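# Geometric and topological summary
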Amino acid sequence: MGRGTNMGRGGARGMGRGGGRGIGRGGGRGIPPAMAQGQGTASAGARRANTANAEDELLALRQQAEVMGRQLEQIHERIRSLQRQEDAAPMAARVDPDKCTGCGICVDVCPVEAISVDNHLAVVDRQTCTACGLCVNECPNEAISVG
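Here's a quick rundown of the structure. (Residues numbered from 1 in each chain as written. Predicted model: local features only at pLDDT ≥ 70, side-chain atom pairs only at ≥ 80, totals over all residues. Heavy atoms only, no water.)

### Quick look at the overall build of the chain
Of the regular secondary structure elements, the chain holds four helices and four strands. Mapped from its N terminus to its C terminus, the chain presents α and β elements in the order α-α-β-α-β-β-α-β. Burial analysis of the chain (147 residues in total) assigns 16% to the buried set. Pairs at least 24 apart in sequence give 42% of the contacts found in the chain among residues at least 6 apart. Total accessible area computed for the chain in this model is approximately 11000 Å², and 51% of it derives from carbon and sulfur atoms. (Helix = DSSP H or I, 4+ residues; strand = E, 2+ residues; numbered from the N terminus. Buried < 20%, exposed > 50% of the residue type's maximum accessible area, 1.4 Å probe, protein only. Contact = heavy atoms within 4.5 Å. Areas by Shrake-Rupley, 256 points an atom, 1.4 Å probe, with all protein chains shown as cover.)

Here you go:
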């Protein structure tokens with residue numbers, strides 16, 4: 001079993017059966033193959049300590065998962081709430097600022113005067129707009145949509 005002269009007390013690379021896993025020069029007694037692979041016999045106290053550590057970790061992970069589950073449910077509820085608000089919002093004309101030139105044609109055709117031009121951009125009053133679509137049909141730049 002890799003017996004040598006230093007009994008595992010040296011500090012160099014081991015060449016014995018232990019494959020240098022000891023702190024000797026390979027002159028130590030080596031590590032039996034079963035123990036080298038973690039299959040050795042642990043003391044009853046060490047097994048209890050490992051079991052207690054695993055139980056503590058398992059408990060902590062379960063608690064963390066429960067907290068995360070509650071947080072996830074709160075996120076899903078907020079998503080549902082926002083979707084309900086979006087679904088309940090009245091339809092109205094929307095202006096694409098990249099396409100709008102502020103020509104004012106939409107202002108002229110709006111039957112409820114829900115559109116104005118501010119700083120060369122059409123602005124829709126969503127509370128007044130009836131989503132009739134006349135502005136969409138008349139806009140030469142296709143800058144208005146209803147939704």
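### Topic: the nonpolar core
If you look at the biggest cluster of nonpolar residues, it comprises 14 residues, and the most contacted ones within it are Ala93, Cys106, Ile115, Cys129, Cys135 and Ile144. When residues no more than four places from it in sequence are discounted, the contact partners of Cys135 are Ala93, Cys106, Val109, Ile115 and Ile144. (Core = buried A, V, L, I, M, F, W, Y, C linked by side-chain atoms within 4.5 Å.)

### Overview of the environment of Arg94
Relative to the helices and strands, Arg94 is located in strand 1 (residues 93-95). Residue class for Arg94 comes out partly exposed when judged on its relative accessible area of 44%. Placed 28 residues apart in sequence, Arg94 and Ala122 show a C-alpha to C-alpha distance of 9.2 Å. Contact partners of Arg94, with chain neighbours within four places excluded, come to Arg126, Ala143, Ile144, Ser145 and Gly147.

### What to know about the environment of Gly104
Positionally, Gly104 belongs in the loop between strand 1 and helix 3 (105-109). The class of Gly104 is buried, set by a relative accessible area of 13%. Taking the C-alpha atoms as reference points, Gly104 and Val117, separated by 13 residues in sequence, lie 6.4 Å from one another.

### Here we look at unusual backbone geometry
Residue Glu113 is not a glycine yet carries a positive backbone phi of 55°. Positionally, Glu113 belongs in the loop between helix 3 and strand 2 (115-117). Classification of Glu113 by relative accessible area gives exposed; the value is 70%.

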